[in-house]
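The lines below spell out each chain.
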Amino acid sequence: MRELTKAEEQVMLILWELKEAIVKEVIDKMEPPKPAYNTVSTVIRVLENKGFVDHKAIGNTHIYFPTISEAQYKHFAFDKVMNNYFENSYESLVSFLVNEKKMDMAQLDEIIALAEQLKNKK
């Protein structure tokens, strides 16, 4: 799997939400200023070449749908952030959240409780 550009990610978020769509429906879901039809169509074709999207043809219309789930991409993106920025250390991640993002004790307690739940499931 490859990392998405900002434009590709914007299109994928819409396709994940809609499940399938024609180019016009993708554009309709975008915030103003809306990009040109040809721009979105090109981004979708790039996503298709990367294996993120496929289509079914109905007459002259192409209906596009994701072939990679949002959960699969989240996993990939999170692993990349963990590896590149936190040396695969959850301790470093939590330290960053507490120190840089000013996580309060209640939020930290939620993480600890979740960790305990996961630990007890094993």
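The notes below deal with the structure included here.

Calculation rules
Here, residues in each chain are numbered from 1, in the same order as that chain's written sequence. Side-chain atom pairs in this predicted model are given and counted only at pLDDT of 80 or more, local residue features only at pLDDT of at least 70, and totals for whole chains, interfaces and linings cover all residues. To obtain the side-chain values, all non-hydrogen atoms of the structure were included, while hydrogens and water were left out. A run of H or I in DSSP becomes a helix once it reaches four residues, and a run of E becomes a strand once it reaches two; helices and strands are each numbered from the N terminus. With C-alpha atoms as the basis for the radius of gyration, the globule rule is written as 2.2 Å multiplied by the number of residues raised to the power 0.38. Exposed residues in this analysis have more than 50% of their type's maximum accessible area, buried residues have under 20%, and partly exposed residues fall in between, with area computed by a 1.4 Å probe over protein chains only. What sets the accessible areas is the Shrake-Rupley method with a 1.4 Å probe; for residues, cover comes only from the shown protein chains. Positive charge is attributed to Lys and Arg, negative charge to Asp and Glu, and no charge count is given to His or to the chain ends. Think of each charge as sitting on NZ of Lys, CZ of Arg, CG of Asp or CD of Glu. By the convention used here, residues are in contact when the closest approach between their heavy atoms is within 4.5 Å. For helices, the fitted axis covers only the stretch in contact; all axes are lines through C-alpha atoms, and the angles between them, taken along N-to-C directions, range from 0 to 180 degrees. An angle below 35 degrees is read as roughly parallel, one above 145 as roughly antiparallel, one from 65 to 115 as roughly perpendicular, and any other as oblique. Classification convention: Asp, Glu, Lys, Arg as charged; Ala, Val, Leu, Ile, Met, Phe, Trp, Tyr, Cys, Pro as nonpolar; all other residues, Gly among them, as polar. Each salt bridge in this description consists of a side-chain nitrogen of Lys or Arg and a carboxyl oxygen of Asp or Glu lying within 4 Å of one another.

### Here we look at the overall build of the chain
And then number 1: What the chain contains, in helices and strands, is 6 helices and 2 strands.
And then number 2: Going from N to C terminus, the chain has its helices and strands arranged as α-α-α-β-β-α-α-α.
And then number 3: For a compact globule of 122 residues, the expected C-alpha radius of gyration is about 14 Å, and the chain comes in at 19 Å, more than 25% above that figure.
And then number 4: Each of the three principal axes of the chain carries a C-alpha extent, and together these read 55 × 35 × 25 Å.
And then number 5: Within the span of the chain, comprising 122 residues, buried residues form 23% of the whole.
And then number 6: Surface summary for the chain: the accessible area is close to 8,900 Å², and the carbon and sulfur share equals 54%.
And then number 7: Charge-centre separation for the chain: the mean point of 16 positive side chains lies 3 Å from the mean point of 19 negative side chains.

### Notes on the side chain of E8
And then number 1: Looking at the element boundaries, E8 is found in helix α1 (residues 6–18).
And then number 2: Every residue in contact with E8, bar those within four places of it in the chain, is listed here: E3, V43, V46, L47 and K50.

### Observations concerning the packing of helix α4 (residues 70–86) against helix α5 (residues 90–100)
A pair of packed helices is captured by two measures, namely the crossing angle of their axes and the spacing between those axes.
And then number 1: Contact pair α4 / α5: the axes reach a minimum separation of 10 Å and the direction vectors enclose 85°. In terms of their interaxial angle, α4 and α5 are classed as roughly perpendicular. Each of F78, M82 and F86 in α4 lies in contact with α5, whose residues at this interface are Y90, S92, L93 and F96.
And then number 2: Residue composition of the contact of α4 with α5, grouped by class: 6 nonpolar, 1 polar and no charged.

### Section: the pattern of salt bridges
And then number 1: On inspection of all chains with the given rule, the structure shows 5 salt bridges.
And then number 2: The shortest N-O distance in the salt bridge between D28 and K24 comes to 3.0 Å. Here D28 pairs with K24, and both are found in helix α2 (residues 23–29), just 4 residues apart, close to one helical turn.
And then number 3: Residue class for D28 comes out partly exposed when judged on its relative accessible area of 45%.

### Overview of the environment of P66
And then number 1: By the secondary structure assignment, P66 is in strand β2 (residues 61–66).
And then number 2: In sequence terms P66 and L13 are 53 residues apart; their C-alpha atoms lie 9.7 Å from each other.
And then number 3: Excluding residues that lie within four positions of it along the chain, P66 makes contacts with M12, L15, W16, K19, F52 and V53.

Keep in mind these values describe shape, not function.
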